[in-house]
Amino acid sequence: MASEISVQNINHRIFLIRGIRVMLDSDIAKLYGVETGALNRAVQRNKIRFPADFMFQLTEEESLRCQIGISNGQTGRGGRRYQPMVFTEQGVSMLSSVLRSEKAALVNIEIMRAFVNLREFLLTNQELARKLSELEKRYDTRFREVFDAIRILMTPPVEKRRKIGIRSDQED
């Protein structure tokens, strides 16, 4: 069970949909060791705990973009009859109050850790990007000065040319 619910394993199951990090109902159900339908029924029985910012249903286009299989709706064919539900970090946290098994609690802890690690990773990357941008600005200015100096050195001096032709004594 430890390898199944590792933070690294969970990180691969977190998707960015509509600009929000979410997990699919089927992935969460698999981690909890329950059927997807059972998970969704538990959520439906406790709908008040899952507002739109905690959970939402994917559109068909979003499902296809995420390469999630969709059933054609015929009996005996298998697959899904409805578009997948996805849960935000808060929705996953709320699931722990709906699914009260020990395994659900342990899995929920690991999922929360995965979301926190992902958030920390993204913040670290943003900080690195900001520092890199500052370095580029600072060094661009210095390099510009160096290149300007090199251009000046490369420019041949303008020398006074002697006039060609006959000179009169009046010119000088």
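Now for a description of the structure that goes with this document. Here the structure is a predicted model, which is why all the values come from computation and not from measurement.

For the rest of this paragraph, the subject is the overall build of the protein. In terms of regular secondary structure, the protein is built from 6 helices and 4 strands. Scanning the protein from its N terminus toward the C terminus, one meets helices and strands in the order α-β-β-α-α-β-α-β-α-α. Counting only residues that meet the buried cut, the protein has 28% of its 172 residues in that class. Surface summary for the protein: the accessible area is close to 12800 Å², and the carbon and sulfur share equals 54%.

Direction of pairing for strand β1 (residues 14-17) relative to strand β2 (residues 20-24): antiparallel, over a ladder of 4 bridges. Considered in β2, the bridge of L16 is made with R21. Where β1 hands over to β2, the hairpin turn is made up of 2 residues, of which R18 adopts a positive phi near 55°. Of the strand pairs in this sheet, β2 and strand β4 (residues 85-87) are connected by 2 bridges, and their pairing is antiparallel.

Because the α-helix completes a turn every 3.6 residues, residues three or four places apart line up on one side. Taken together, the buried positions of helix α5 (residues 89-98) are occupied by E89, G91, V92, L95 and V98. Angular distribution of buried residues about the axis of α5 spans 165°; they occupy a single face of the element.

A word on the nonpolar core. Core analysis: the biggest nonpolar cluster contains 23 residues, and M23, I28, Y32, L39, F87, L95 and I111 have the highest contact counts within it. When contributions to this core are tallied by element, the ones reaching two or more residues are α2 (25-32), α3 (36-45), β4, α5 and α6 (102-154). Broken down by element, this core gets its largest block of residues, 5 residues, from α6. If sequence neighbours within four positions are ignored, I28 has contacts with M23, L39, F87, V92 and L95. By size, the runner-up hydrophobic cluster in this structure holds 6 residues, among which are V22, L24, L58 and V86.

Take the packing of aromatic side chains next. Enumeration according to the criterion identifies 1 aromatic pair in this entry. Here the aromatic rings of F50 and F87 are separated by 5.9 Å at their centres, their planes lie at 80°, and the arrangement is edge-to-face. Here F87 lies in strand β4 and F50 lies in the loop between α3 and β3 (55-57), a separation of 37 residues in the sequence. Look at F50 and you get buried, because its relative accessible area is 5%. Relative accessible area serves as the criterion here: at 0%, F87 is assigned to the buried category.

Calculation rules
- Residues numbered from 1 in each chain as written.
- Predicted model: local features only at pLDDT ≥ 70, side-chain atom pairs only at ≥ 80, totals over all residues.
- Heavy atoms only, no water.
- Helix = DSSP H or I, 4+ residues; strand = E, 2+ residues; numbered from the N terminus.
- Buried < 20%, exposed > 50% of the residue type's maximum accessible area, 1.4 Å probe, protein only.
- Areas by Shrake-Rupley, 256 points an atom, 1.4 Å probe, with all protein chains shown as cover.
- Pairing = 2+ DSSP bridges.
- Arc of directions from axis to C-beta.
- Core = buried A, V, L, I, M, F, W, Y, C linked by side-chain atoms within 4.5 Å.
- Contact = heavy atoms within 4.5 Å.
- Phe/Tyr/Trp six-rings, centres within 6.5 Å; stacked < 30°, edge-to-face > 60°.

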